[in-house]
Amino acid sequence: MVNGSPTDFFTIEKGLRQGDPLSPLWFNICVNGLSCILNKLLEREEPYGSCVADDLWINHLQFADDTLIVCGNNISHLENIAAALEVFLALSGLKVNYSKSHIFGCNISREDFARAASVLGVQIGTFPITYLGGPLGDNPRRKRFWQPYGNRGIPWIAWEQICKSSQGRATIFASGMIHGCILASLQSSFPRLFALASNKNATISDLGSFEGGRWVWDLGLRRRLFDWELPRLQELMSYLNSVFPCDEEDTIVWSGATNGLFTVKEAYSAAELRMFGPVSWLISKQCRKIIPPKVGLFVWQLMENSVAVKENLLKRGMTIENGGICDLCGLYVESVQHLMLGCDKSWRFWSTIMAQDGIHWCVPGSVVDLFKE
């Protein structure tokens, strides 16, 4: 049974699949054998490794599937280490990815460096490098040391686009601050009226008063306005009249709820509306709750055209082989629209899925229509 549905019979074999919770533990047990073999080399009269303190030698560091082997400039030592590695590989059944393995040298000649690389069968690397996510082999005082970590990855969607609500006026995170954002920009939006203000540092309490329980604005301009200035004043008052000061103590209000109180449920509903919009889904709301977050995020990226397809990579200045042509069909440029709907392989996939549920359908006009139908 897979996800509650019967499947074909399968043969039980030894080993663990990728993603099995036991896989990391079993891997650590296996590579611990390599650590034991390398530690034996430290017990010789001439230890294979590097002395870091009095009578303290190391020749390897391990983290998950990354192994860093340290050795002096001695070809015979390198040959013995390579032989020990081959013995471990034969006993464990593991393999070394030589295309991702490099050798780095410090204070050795080019000839010795090249000879060591040929002994181990790995590529020659140069400093600085990134090891376990951090920089290694460069001066941290230099600006270039931190430059690669200032802007990691490709920004697929602008932050302003992420924060913009479905109405395009405020963010879902702080939609209650829309009036505050408007007031903060009044000086730049109405520079002529600001120049006529008699008190440019006035607070809200200085610019009005309560009359009959209602707030009345009094901007305190230095002179009467000309006729051509009145439309700007009317525009300004339309903003100000949307704000209702009161004589009570200020409190924080969550505009996403009718009672003004913040709850995780209300925030989730607002975020879901922002991400997917008022979409009529084919599945119920209860079923949507069990959809993995990474699946929902990927759907949102598809609808925003922010997936790393070849067309988007070309737009960001990256060099792509064969001009970005789709690898599945080899006919058209690989875009989100083509990869999800236009490609012949995609059409066969969707047709097979729909046929299993007895659904007759035609290709939607866009990826957005695919998830809205």
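Our subject is the structure that appears above.
Being a predicted model, the structure only gives us computed values, none of them experimental. (Residues numbered from 1 in each chain as written. Predicted model: local features only at pLDDT ≥ 70, side-chain atom pairs only at ≥ 80, totals over all residues. Heavy atoms only, no water.)

Trainee: Teacher, can you tell me more about the overall build of the chain here?
Mentor: Counting its secondary structure elements, the chain contains 16 helices and ten strands. With the model as given, the accessible surface of the chain reaches about 27,500 Å², and the carbon-plus-sulfur share is 57%. (Helix = DSSP H or I, 4+ residues; strand = E, 2+ residues; numbered from the N terminus. Areas by Shrake-Rupley, 256 points an atom, 1.4 Å probe, with all protein chains shown as cover.)

Trainee: Even after reading the chapter, I still don't get the packing of aromatic side chains, so can you show me in this structure?
Mentor: Geometrically, a pair of aromatic rings is defined through the distance of the ring centres and the angle of the planes. Per the stated rule, a full pass over the model turns up six aromatic pairs. Residues Trp 215 and Trp 217 carry aromatic rings whose centres are separated by 5.8 Å and whose planes lie at 80° to one another, so their mutual orientation is edge-to-face. With respect to class, Trp 215 is no different from Trp 217; both count as buried. An angle of 85° between the planes, with centres 5.0 Å apart, marks the rings of Trp 254 and Phe 262 as edge-to-face. Three or more aromatic residues link up through ring pairs in this structure, and these residues are Phe 210, Trp 215 and Trp 217. In this arrangement the basic side chain of Lys 200 is found over the ring face of Phe 194, its NZ or CZ atom lying 5.9 Å from the centre. (Phe/Tyr/Trp six-rings, centres within 6.5 Å; stacked < 30°, edge-to-face > 60°. Buried < 20%, exposed > 50% of the residue type's maximum accessible area, 1.4 Å probe, protein only. Lys NZ or Arg CZ within 6 Å of the ring centre and 35° of its normal.)

Trainee: Explain the layout of surface pockets here, please?
Mentor: To find leftover empty space, one rolls a probe the size of a water molecule over the atoms. Estimated volume of the largest pocket: approximately 1,700 Å³. Thr 67, Leu 68, Ile 69, Ser 101 and His 102 are the residues nearest the centre of the largest pocket, which is lined by 47 residues in total. Breaking the lining of the largest pocket down by element, the ones donating at least two residues are helix H1 (23–41), strand S4 (66–69), helix H2 (75–92), strand S5 (102–103), helix H3 (110–120) and strand S7 (129–131). (1 Å grid on protein atoms, 1.4 Å probe; cavity = no way out; pocket = protein on both sides within 12 Å on 5 of 7 lines; lining within 4 Å. Points joined across faces, edges and corners; volume = space filled by probe spheres on them.)

Trainee: Which parts of the structure should I look at to understand the pattern of salt bridges?
Mentor: One side chain can pair with another of opposite charge once the charged atoms of both are near each other. By the definition in use, this model includes seven salt bridges. Lys 40 is the salt-bridge partner of Glu 43, the closest N and O atoms lying 3.9 Å from each other. We classify Glu 43 as exposed; its relative accessible area is 58%. With a closest N to O distance of 2.8 Å, Arg 115 and Asp 112 form a salt bridge. Remark: Asp 112 and Arg 115 occur in helix H3; sequence separation between them is three residues, near one turn of the helix. Ionic contacts of the salt-bridge type, sharing partners, join the residues Arg 192, Arg 223 and Glu 229 into one network. (Salt bridge = Lys/Arg side-chain N within 4 Å of Asp/Glu carboxyl O.)

Trainee: Would you mind going over the environment of Pro 245 with me for this structure?
Mentor: Along the chain, the position of Pro 245 falls in the loop between helix H9 (230–240) and helix H10 (264–276). Look past the residues within four positions of Pro 245 in its chain and what remains in contact with it is Ile 204, Phe 210, Trp 215 and Trp 217. (Contact = heavy atoms within 4.5 Å.)

Trainee: I would appreciate a short explanation of H1 in the present structure.
Mentor: Residues spaced three or four apart along an α-helix face the same direction, because each turn holds 3.6 residues. The end-to-end C-alpha distance of H1, which contains 19 residues, comes to 28 Å, matching closely the 27 Å that a straight helix rising 1.5 Å per residue would cover. Taken residue by residue, H1 has Val 31, Leu 34, Ser 35, Leu 38 and Leu 41 as its buried positions. Here the buried residues of H1 occupy an arc of 105° about the axis, which is enough to place them on one side. More than 90 degrees from the buried face of H1, the exposed residues found are Leu 25, Trp 26 and Lys 40. On its buried side, H1 packs onto strand S3 (60–63), S4 and H2. (Expected span 1.5 Å × (residues − 1). Arc of directions from axis to C-beta.)

Trainee: Would you mind showing me how to read the side chain of Ser 35 here?
Mentor: If you trace the backbone, Ser 35 turns up in helix H1. Residue classification places Ser 35 among the buried positions, given a relative accessible area of 12%. Beyond its immediate stretch of four places on either side in the chain, Ser 35 contacts His 60 and Gln 62.

Trainee: What should I look at first to understand the packing of H1 against H2 in this one?
Mentor: The geometry of a pair of packed helices is captured by two quantities: the angle between their axes and the separation between those axes. Their axes nearest at 10 Å, the elements H1 and H2 cross at an angle of 150°. Our classification of the angle between H1 and H2 gives roughly antiparallel. Remark: the crossing between H1 and H2 carries right-handed chirality. Listed contacts from H2 to Cys 30, Val 31, Gly 33, Leu 34, Ile 37 and Leu 41 of H1 are Ile 81, Ala 84, Leu 85 and Phe 88. Residues belonging to the contact of H1 with H2 are distributed by class as follows: nine nonpolar, one polar and no charged. (Axes fitted to C-alpha atoms, helices over the stretch in contact; angles between N-to-C directions. Parallel < 35°, antiparallel > 145°, perpendicular 65-115°, else oblique. Left-handed = near helix turned anticlockwise from the far one by under 90°. Nonpolar A, V, L, I, M, F, W, Y, C, P; charged D, E, K, R; others polar.)

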